[in-house]
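What follows is each chain in one-letter form.
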Amino acid sequence: MSQDEIFTASSPGKFILLGEHSVVYGKPAVALAINRRFRCTVQKSPVDMLNGLPLDTGIHPHIGYILKKNNASGVSIQTDSELPSSSGLGSSAALSSSLSAALKNMKGSEIDRRVIADEAFNAEYEAQGRASPMDASCCTFGKGIAINCPDSKGKEVWAVSKGGNSWRMSEVAVPDMTFVVGYTGIKARTGPLVEKVRKYKEHNRFASDIVDEIGKITLDGVDAMAHGNLEELGDIMTQDHKLLSILGVSCNELNKLVKASLDYSYGAKLTGSGGGGSMIALTDEPKKVCEAILLHGGLPFIVKTGVPGVTVE
Ligand code: PMV
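Numbering of residues begins from 1 in every chain and follows the order in which that chain's sequence is written. For a predicted model such as this one, the threshold for reporting local features is a pLDDT of at least 70, and the threshold for listing and counting side-chain atom pairs is 80 or more; totals across whole chains, interfaces and linings nevertheless cover every residue. As a rule here, side-chain values come from all non-hydrogen atoms in the structure, and water together with hydrogens is ignored.

Regarding the nonpolar core
Formally: The set of buried Ala, Val, Leu, Ile, Met, Phe, Trp, Tyr and Cys residues whose side-chain atoms join them within 4.5 Å is what this entry labels a nonpolar core. Only protein chains enter the accessibility calculation, which uses a 1.4 Å probe; a residue whose area is less than 20% of its type maximum is buried, one above 50% is exposed, and one in between is partly exposed. Two residues qualify as a contact provided that any one of their heavy atoms is within 4.5 Å of a heavy atom in the partner residue.
Residues Phe15, Leu17, Val42, Ile77, Leu103, Phe179 and Leu233 are the most contacted members of the largest nonpolar core, which totals 79 residues. If near-sequence neighbours (up to four positions away) are discounted, Leu17 is found in contact with Val30, Ala31, Leu32, Phe179, Met225, Leu233, Met237, Asp240, Lys269 and Ile280. Of all hydrophobic cores here, the second largest spans 22 residues; its members include Phe121, Tyr125, Ala136 and Ile147.

Some remarks on helix 4 (residues 134-141)
The condition that has to hold: Secondary structure elements follow DSSP: runs of H or I no shorter than four residues count as helices, runs of E no shorter than two count as strands, and numbering proceeds from the N terminus.
Counting buried positions along helix 4 gives 8 out of 8 residues, so the element sits mostly inside the fold. Taken together, the buried positions of helix 4 are occupied by Met134, Asp135, Ala136, Ser137, Cys138, Cys139, Thr140 and Phe141. Two residues or fewer after helix 4 comes Gly142, characterised by a positive phi angle close to 75°.

Section: unusual backbone geometry
Residues apart from glycine generally show negative phi values, whereas peptide bonds are mostly found in trans. For Ser86, which is not glycine, the phi torsion reads 50° and is therefore positive. Assignment of secondary structure puts Ser86 in the loop between strand 5 (75-81) and helix 2 (91-107). In this structure, Asn148 takes a positive phi of about 50° despite not being glycine. Summarising the element assignment, Asn148 is placed in the loop between strand 6 (144-147) and strand 7 (156-162). Asn148 gets classed as buried once you look at its relative accessible area, which sits at 17%.

With respect to the packing of helix 5 (residues 190-203) against helix 6 (residues 205-226)
Selection rule: Working convention: axes come from line fits to C-alpha atoms, limited for helices to the stretch in contact. Angles between N-to-C directions cover 0 to 180 degrees. The hand of a helix crossing depends on one turn: near helix anticlockwise from the far one by less than a right angle means left-handed, and clockwise means right-handed. Ten residue types, Ala, Val, Leu, Ile, Met, Phe, Trp, Tyr, Cys and Pro, are classed as nonpolar, four, Asp, Glu, Lys and Arg, as charged, and the remainder, Gly among them, as polar.
Closest axis-to-axis distance for the helix 5/helix 6 pair is 5 Å, and the angle between their directions is 115°. For the pair helix 5 and helix 6, the sense of crossing is left-handed. Facing helix 5, whose interface residues are Tyr200, Lys201 and His203, helix 6 presents Arg205, Phe206, Ala207, Ser208 and Val211. Its residues placed into classes, the contact of helix 5 with helix 6 shows 4 nonpolar, 2 polar and 2 charged.

Here we look at the side chain of Ser273
Take Ser273: it is sitting in the loop between strand 10 (265-271) and strand 11 (278-283). When sequence neighbours within four positions are dropped, the list of residues in contact with Ser273 reads His21, Ala188, Thr190, Leu193 and Val249.

Brief notes about the pairing of strand 9 (residues 179-183)
Worth spelling out the cut-off: Each pair of strands is called paired provided DSSP finds at least two bridges between the two strands.
Of all the 5 residues making up strand 9, 5 are buried; the element is thus mostly covered by neighbouring parts of the structure. Side chains of strand 9 alternate between two faces, with Phe179, Val181 and Tyr183 and Val180 and Gly182 buried alike. As defined by bridge partners, strand 9 adjoins strand 11 across 5 bridges and the pair is classed as antiparallel. Along strand 11, the bridge assignment pairs Val181 with Ile280. Pairing geometry for strand 9 and strand 12 (residues 299-303), over 5 bridges, is antiparallel. Note on strand 12: the bridge partner recorded for Gly182 is Pro300.

Quick notes on the site of the ligand
Inclusion rule: Only heavy atoms are used to decide nearness, and a residue is near a molecule or strand if one of them lies within 4 Å of it. Identification of polar contacts relies on pairs of N or O atoms within 3.5 Å, with a donor-acceptor requirement for protein atoms, meaning one able to donate a hydrogen and the other able to accept it, and with residues adjacent in sequence counted only if both atoms are side-chain atoms. The protein chains shown are the only cover counted for residues, whose accessible areas, like all others here, come from Shrake-Rupley with a 1.4 Å probe.
Residues in contact with the ligand amount to 16 residues; listed here are only the nearest, Lys14, His21, Ser132, Thr190 and Ser273. Measuring from an oxygen atom of the ligand, one finds a side-chain N or O atom of Thr190 at 2.7 Å. In the environment of the ligand, an oxygen atom lies 2.9 Å from a nitrogen or oxygen atom belonging to the backbone of Ser273. Look at the ligand: alone it shows 380 Å² of surface, and the protein chains cover 96% of it.

Here's the deal with the sheet that holds strand 10
Read from one edge to the other, the open sheet built from 4 strands follows the order 10-11-9-12, with strand pairing classed as antiparallel. The sheet is open, and its two borders are formed by strand 10 and strand 12, each paired with just one other strand. If you compare each strand with its neighbour and ignore which way they point, the axes differ by 20° on average. Packing of helix 7 (residues 230-246) onto the sheet brings it into contact with strand 9, strand 10 and strand 11, and relative to strand 10 it is tilted by some 35°. Sitting on the sheet, helix 8 (residues 252-262) touches strand 9, strand 10 and strand 11, and the angle it makes with strand 10 is about 170°.

Set out below in structure tokens:
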């Protein structure tokens, strides 16, 4: 391998259709990959570099973890993202997943998606202090991923246990649906929001019941999606948003965008960890939803789902 040889891989971002936060405790969830990707290019270098500057793994713990797992040092990494960071759209999992694939390609190692998903999951777990494998799985396997949904009928792609919880990840069929994402422009870190829910759940039986309820309605949502029942799926999304708000992970900006979208949508909810970040709306009138989101201070974009996972380019 010459010093100049470059290796590129990309992974899609994702949104969580149903089940964020409760999935951290092993409850069901569904995430769909979207047509906005994170791309990593790697090449040999005398010292570790990131986008032309010396790499500081204190600031970039995911990168530090993936480099260590792949016994990689003396690497220059160039990133190119179509995903806003800390926006609930899986940018850190897509970074870990695409970096892992690019490094494996550089070293001539096998590209095994289960290994990549496991590395990306553990990178999230270390960085956040607690995590589910939802983002890592969806950004790596692409299309639609259901976690702990025994009736979803899709092929199981991998499974993992950690910290007393177990997750089984399966492919899920994604019918033709139109989603609009509304980005609040507020960057929200996942770790503190996950910790907030943990504390609430640990000290309050009511919060624990809400986490269980999110798990239950997620299974109903998976069933509605399998039957192409968008009205029911939309209702469940909106219920999920209300439950997440009770858990304390929504905010005024998200609530405003959800409310404004509901006039033209089957349903709408925050997606990802909340506290800012993004919301999604399931709709047949994407232009009207985009206008409503813009009018209420958000940045809208229509996303395509059913896209492939990590890809060596
Ligand atoms: O905001 P994101 O993209 O990091 O999504 C976080 C989803 C959570 O369920 C809140 C945490 C997790 O690890 O599953």
